[in-house]
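Here is how the chains run, residue by residue.
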Amino acid sequence: MVWRQKLSLTVLAILVGILSGCGHSEEEWQAKLKENQDLQNQLNAEKAAHQKSDSDLADATKQVDALKGQLKKAGVDLSNVNATLAEQNAALEKLRKDKEQLEAIRKRFELLKQKLEALTKLGLSVTVRKNRMTIQLPGDVLFDSGRTELKKDGKDILLKVAEVIRNDKDLNSRSFQVAGHTDNKPLGGGPYKDNWGLSVMRAREVLTFLVAPAEAKTGGGGLPADHWSAAGYGETDPIAGNDSPENMQKNRRVELVVLPNVEEMLDLQSLTK
């Protein structure tokens with residue numbers, strides 16, 4: 001390199017001057033020293049620039065590797081020489097749109113959570129189970145043991161739930177499923193035969209009350225019937241072990257499940273983290 005040649009010639013000139021006995025003035029000596037220092041500074045600056053270039057190259061390499069990983073997830077085979085730049089750009093555009101769609105769903109999910117938080121003030125549990133947002137209603141508040149007729153306290157709490165849903169346009173347009181659940185204690189006879197029958201009939205009772213006209217003689221939730229359905233799970237979907245009276249009480253419940261729209265069929269649990 002040129003600066004190295006200059007440095008070598010300067011040092012050589014100084015050594016030749018000393019060895020030949022040819023004296024230099026103080027001014028010439030200081031000038032040579034300054035020239036030598038300037039070359040040393042230039043050397044240090046170029047070393048620093050070289051190190052920064054290495055660092056920038058390493059960062060760029062990491063970004064390229066990350067991009068390759070994204071493209072691979074998007075289905076672009078980088079080992080295929082026929083993968084054109086247009087294909088890669090299309091894959092990147094798809095990633096961008098997917099990210100925007102996920103963010104939009106996340107915002108709707110957070111808004112839904114906020115709207116349902118009003119129910120937690122009533123002592124209800126709003127949670128995500130099996131990729132669905134669920135409002136849990138304690139069965140013992142709604143029904144007497146082994147019965148399917150709603151208690152007065154049960155009707156009162158269902159009316160409050162219906163009011164929250166009915167007065168919110170977005171919630172009222174959603175689809176819900178009423179899911180009945182029991183503990184694992186066998187049902188001792190009766191018209192429902194087993195826990196399956198009991199859970200189904202309890203879910204149906206809650207459903208019919210919620211969709212009954214609010215101005216009816218018996219009063220109802222006034223919710224749109226075409227957005228609601230019912231199902232019974234018996235003892236097959238516990239939320240606690242049936243190993244104590246307290247846990248068995250938790251399993252005796254009715255859930256109002258917010259059914260996801262097609263575009264929301266992803267891992268909602270991940271959105272809560």
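The coordinates are above.
This is a predicted model, so every value here is computed, not measured.

### Brief notes about the overall build of the chain
Phase 1: When its secondary structure is counted, the chain shows nine helices and five strands.
Phase 2: Counting helices and strands in the order they occur from the N terminus, the chain gives α-α-α-β-β-α-α-α-β-α-β-α-β-α.
Phase 3: Just so you have it, the chain exposes about 17,200 Å², and 54% of that area is on carbon and sulfur atoms.

### A closer look at the pairing of strand β1 (residues 125–129)
Phase 1: Pairing between β1 and strand β2 (residues 132–138): five bridges, direction antiparallel. Considered in β2, the bridge of Arg-129 is made with Arg-132.
Phase 2: Counted between consecutive antiparallel strands, the loop separating β1 from β2 contains two residues, among which Lys-130 sits at a positive phi close to 50 degrees.

### Side note on the environment of Gly-234
Phase 1: By the secondary structure assignment, Gly-234 is in the loop between β4 (228–232) and α8 (245–251).
Phase 2: Sequence separation of Gly-234 and Ala-179 is 55 residues, and the distance between their C-alpha atoms is 9.4 Å.
Phase 3: Apart from the residues within four sequence positions on either side, Gly-234 is in contact with Gly-180, His-181, Thr-182, Asn-195, Trp-196 and Ser-199.

### Focus: helix α5 (residues 152–166)
Phase 1: With 15 residues, α5 ought to run about 21 Å at 1.5 Å a step, and its terminal C-alpha atoms sit 21 Å apart, in line with that.
Phase 2: Regarding α5, the residues found buried are Gly-154, Ile-157, Leu-158, Val-161, Ala-162 and Ile-165. Viewed end-on, α5 has its buried residues packed into an arc of 145 degrees, placing them on one side of the element. In α5, the exposed positions that point more than 90 degrees away from the buried face belong to Lys-152 and Asp-153.

The rules behind these values
- Residues numbered from 1 in each chain as written.
- Predicted model: local features only at pLDDT ≥ 70, side-chain atom pairs only at ≥ 80, totals over all residues.
- Heavy atoms only, no water.
- Helix = DSSP H or I, 4+ residues; strand = E, 2+ residues; numbered from the N terminus.
- Areas by Shrake-Rupley, 256 points an atom, 1.4 Å probe, with all protein chains shown as cover.
- Pairing = 2+ DSSP bridges.
- Contact = heavy atoms within 4.5 Å.
- Expected span 1.5 Å × (residues − 1).
- Buried < 20%, exposed > 50% of the residue type's maximum accessible area, 1.4 Å probe, protein only.
- Arc of directions from axis to C-beta.

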